[in-house]
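Chains, contacts and geometry: an overview
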Amino acid sequence: MHNLRAVYSIWLRDLIRYRRDKYRLISSLAQPALFLFVFGNGLARGLAIDVQRTGGGQESYVSFIFPGIIGMTLLFTSVFTAVSIVWDREFGFLKEVMVAPISRWSIAVGKALGGSTVALIQGVIVLLLAPFLGLKLSFLTLIALIPLMYLISISLTSMGIVIAVKMETMEGFQMVLNFLVMPLFVLSGAMFPLSSLPPWLSVLTRVNPLSYGVDALRGLMLGPSLAEFPLGFDVMLLSIFAVIMMFFAVFLFNRT
Amino acid sequence: MIEVRDIYKTYGDIEAVRGVDFTVHAGEIFGFLGPNGAGKTTTINILCTLIKPTSGSASLAGYNVVDDAEKVRSSIGIVFQDPSLDERLTAHENLEFHGMIYGVPKVDRRGRISNVLKMVELWDRRDDIVKTFSGGMKRRLEIARGLMHNPRVLFLDEPTLGLDPQTRNRIWEYIRDLRQRENITIFLTTHYMDEAENCDRIAIIDNGKIISLDTPAKLKSMVGGDVITLSTSDNKVAIEEIKKSHSIEALEQDSKIVLEVPDGEGFLAKLVHSISVSIDSISLRRPTLDDVFLKLTGRTMREETMGPLDSFKAQVRMRR
C-alpha cells in the first residue's frame with residue numbers, strides 16, 4: 001500500500017514537471033509538425049511519392065508517415081523522460097528518493113508510469129493534427145489508439161530507465177541520442193515502408209521494437225492493408241518487450 | 001539511539017573508514033568533526049543505509065542498518081551535503097512529495113508542512129519554485145523536509161557549508177530550537193570548528209578513525225590552558241628561545257607561532273622578555289577546537305578544509 005503511494009508520488013512528480021515546462025510542450029509539437037510538413041509535403045511533392053497499398057489503391061505519403069511521427073514523439077518523450085533520472089542523480093534529488101522508506105521497485109515503476117504518461121499526452125497532442133492532414137479517424141479507432149500508444153510508451157520508457165541507471169553522466173546522453181534513439185527512429189519504418197529493404201537492413205528493422213509500434217499504429221489508423229503484421233502480433237511483441245524492459249529496470253534499481 | 005561498532009569501509013585499496021566505534025544518546029546533538037576525506041560522509045551514508053559497511057555493525061533506534069534498512073529509513077531525516085531538492089517544484093510540492101514517500105498520512109500532511117515551513121520561515125514562499133530560492137533558503141527548506149515525517153534522528157551533513165555567517169547562525173538557531181521542542185537526536189558533520197562547539201559531544205575524526213570523543217569543553221581542556229599566538233621578525237629563532245627559557249614546545253602555523261600555557265596573562269610579560277627578535281604582534285585567547293585538532297594531529301584543519309574544489313562546490317550550491 002505504502003509502495004503504491006510511492007509509485008503514485010513519483011508518477012505525479014513527472015506530470016507536474018511536465019505541466020510546468022512550457023518549452024517542452026511547444027517543442028514537442030514543433031518537431032512532429034516540421035517532419036510532417038517538410039517531409040510529408042515538400043519531399044512527397046518534389047519526388048512525387050505515394051505509397052502503394054497491398055491490396056491495390058494508394059495512400060498519400062503524408063498520411064503514411066503520420067503514424068510514424070506519432071511513434072517518433074512517443075520514442076523521444078519516453079526516452080528523454082526516463083533519462084531525466086540521470087539529471088536527478090546529478091542534482092541530488094535521486095538521493096532523496098533512494099533513502100526514503102520505500103522499495104526500490106516502486107521507484108522504477110513510478111518512473112516508468114510517469115514517463116509513459118507524459119509520452120502518451122504528447123502523442124495525443126500530435127494525434128490532434130490528424131484532421132489537418134485530411135485523416136479521418138473514427139471514435140473507436142481513437143479509443144483503441146490510447147492503450148496502444150501507452151503500451152509503446154511504457155516499453156520505451158522502461159528501456160530508457162535501463163539505460164539511465166547504467167549511465168554515469170549527462171555526457172552519455174548524446175551517445176544515447178546518436179546510437180540508440182536516432183537509429184531506432186530511422187529504422188522503425190516511420191518514414192518509409194519496410195517491405196522492400198535489402199536483407200541486412202531488414203534484420204535491423206526486425207529487431208527494432210519501435211517497428212512493431214509504428215506498424216500497429218499504422219494498421220489501426222490507415223487500415224490493415226498498410227500494416228506488415230497483424231495487430232495482435234505487434235501488440236504481443238510489444239508487450240513481451242515491455243515486460244522484459246520493466247523487469248530489467250526494476251532489477252537494476254534493486255541493485256543500486 | 002545510534003550504536004556503531006567497529007565499522008570499516010573500503011573502496012578497493014582505499015580505506016575510507018577504519019574501525020569507527022561510538023554511541024549517540026537520545027536527544028543529543030552529536031558532531032563529527034574532521035577535515036574533508038576523513039570519513040565523515042561515508043559514516044553518515046552507512047548510518048543512512050545508502051551504503052553497506054565492509055565490516056562491523058551499526059544500529060539506529062534499535063534497527064540494524066543493513067538488515068532493517070527500511071525501518072531505519074523511516075526513523076531518520078537527512079540533509080545531505082549536496083542539495084537534493086527538485087528545483088522545478090515549489091517548496092510546498094517538495095514537502096508534499098516527501099510526505100507521500102515517507103508515508104505521512106494525508107490528514108497530517110497539511111499540518112506538518114505548514115509547521116515545518118513556518119519554523120524555517122519559508123511559509124510565505126511556499127508556492128514559489130525552488131529554483132528562485134537562495135542557497136540559505138534551500139538549506140532551510142531541506143531541514144524542514146528532513147523533519148516532515150517526525151524522524152527520531154536528524155542527520156545533517158555539513159548543514160552550513162557555503163553559507164554566509166548570518167545564515168549559518170540562523171540555521172543553528174533552528175537546530176537548537178528543534179532539539180528543545182521535539183525530543184530529536186541530531187547527528188551532524190562539519191569542518192567548521194566554531195560550529196562544532198554547538199554540539200553536546202564531538203567525535204574528532206581523521207583518516208577514517210575517531211581520534212577523540214568528548215564534550216567541547218573537555219576537548220578544549222586537553223589543550224591545557226590558554227593559547228598565545230605571536231608573530232616575530234624571525235620565528236625560528238623565537239621558537240628556539242621559547243624552548244630554551246620556558247621549556248615549552250611552540251609550533252609554527254601560518255607563519256605565526258602558537259603555544260599553550262596554563263596561565264596566559266601572567267606568562268605574557270615573561271614571554272616578551274625572553275625573545276630577542278622583534279615581536280610584530282601578540283595575542284592571547286581561550287583555546288578553540290582548532291587548537292585541539294592541531295594538538296591531536298599536528299596539523300591545522302583550515303589548511304585542508306577549503307580546497308579549490310570545495311569553494312567551487314560551495315559557489316555552485318549558492319547559485320543553484
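Basis of the calculations
Residues numbered from 1 in each chain as written. Chains lettered and ligands numbered in written order. Predicted model: local features only at pLDDT ≥ 70, side-chain atom pairs only at ≥ 80, totals over all residues. Heavy atoms only, no water. Helix = DSSP H or I, 4+ residues; strand = E, 2+ residues; numbered from the N terminus. Buried < 20%, exposed > 50% of the residue type's maximum accessible area, 1.4 Å probe, protein only. Contact = heavy atoms within 4.5 Å. Areas by Shrake-Rupley, 256 points an atom, 1.4 Å probe, with all protein chains shown as cover. Lys, Arg positive; Asp, Glu negative; His and termini not counted. Charge placed at Lys NZ, Arg CZ, Asp CG, Glu CD. Buried area = accessible area lost by both parts, 1.4 Å probe. Salt bridge = Lys/Arg side-chain N within 4 Å of Asp/Glu carboxyl O. Polar contact = N/O pair within 3.5 Å; in protein donor to acceptor, adjacent residues only side chain to side chain. Domains from an automatic or database assignment. Pairing = 2+ DSSP bridges. Arc of directions from axis to C-beta. Expected span 1.5 Å × (residues − 1).

**Some words on the overall build of chain B**
- Regarding its fold elements, chain B presents 13 helices and 14 strands.
- Each of the three principal axes of chain B carries a C-alpha extent, and together these read 75 × 45 × 35 Å.
- Evaluated residue by residue, chain B yields a buried proportion of 54% over its 320 residues.
- The long-range fraction of contacts in chain B, counting pairs at least 24 apart against all pairs at least 6 apart in sequence, stands at 71%.
- As displayed, chain B offers around 14200 Å² of accessible surface, 48% of which is attributable to carbon and sulfur atoms.
- Taken together, the 44 basic and 48 acidic charged side chains of chain B have centroids lying 5 Å from each other.

**Points about the interface of chain B and chain A**
- Counting from both sides, the interface comprises 27 residues of chain B and, opposite them, 26 residues of chain A.
- Among the residues chain B hides against chain A, the three largest losses belong to F97(B), M100(B) and I101(B). Together they make up 26% of the total.
- Taken together, the connections running from chain B to chain A amount to five salt bridges.
- The closest approach of N and O atoms between E96(A) and R145(B), which form a salt bridge, is 3.3 Å.
- Connecting chain B to chain A are 10 residue pairs in polar contact (both at pLDDT 80 or more).
- Looking at the side of chain B that touches chain A, the elements with two or more residues in it are α2 (69-75) and α3 (91-101) of chain B.
- In terms of residues, the side of chain B that touches chain A owes the most to one element, α3(B), which gives six residues.

**Quick word on the domain arrangement of chain B**
- Split into domains, chain B comes out as domain 1 (2-215) and domain 2 (224-286).
- Relative to domain 2 of chain B, the C-alpha centre of domain 1 of chain B lies at a distance of 41 Å.

**Digging into the pairing of strand β3 (residues 29-33) of chain B**
All names here are of chain B.
- Within β3, five of the five residues are buried, which leaves it mostly tucked inside the rest of the structure.
- Side chains I29, G31 and L33 of β3 all project onto a buried face; the interleaved residues F30 and F32 project onto the opposite face, where all are buried too.
- Here β3 pairs with strand β8 (residues 185-190) via five bridges, running parallel. Across the sheet, F32 pairs through a bridge with T189, a residue of β8.

**Some details on helix α8 (residues 199-207) of chain A**
All names here are of chain A.
- L201, S202 and T205 are the residues of α8 that are buried. The arc that holds the buried residues of α8, viewed along the axis, is 105°, so those residues lie on one side. Those residues of α8 that are exposed and aimed more than 90 degrees away from the buried face are P199, W200, V203 and V207.
- For α8, the elements touching its buried residues are α9 (209-222).

**Considerations on helix α5 (residues 104-127) of chain A**
- With 24 residues, α5(A) extends 35 Å from end C-alpha to end C-alpha; this agrees with the ideal 34 Å at 1.5 Å per step.
- Of all 24 residues making up α5(A), 19 are buried, and the element is well covered by its neighbours.

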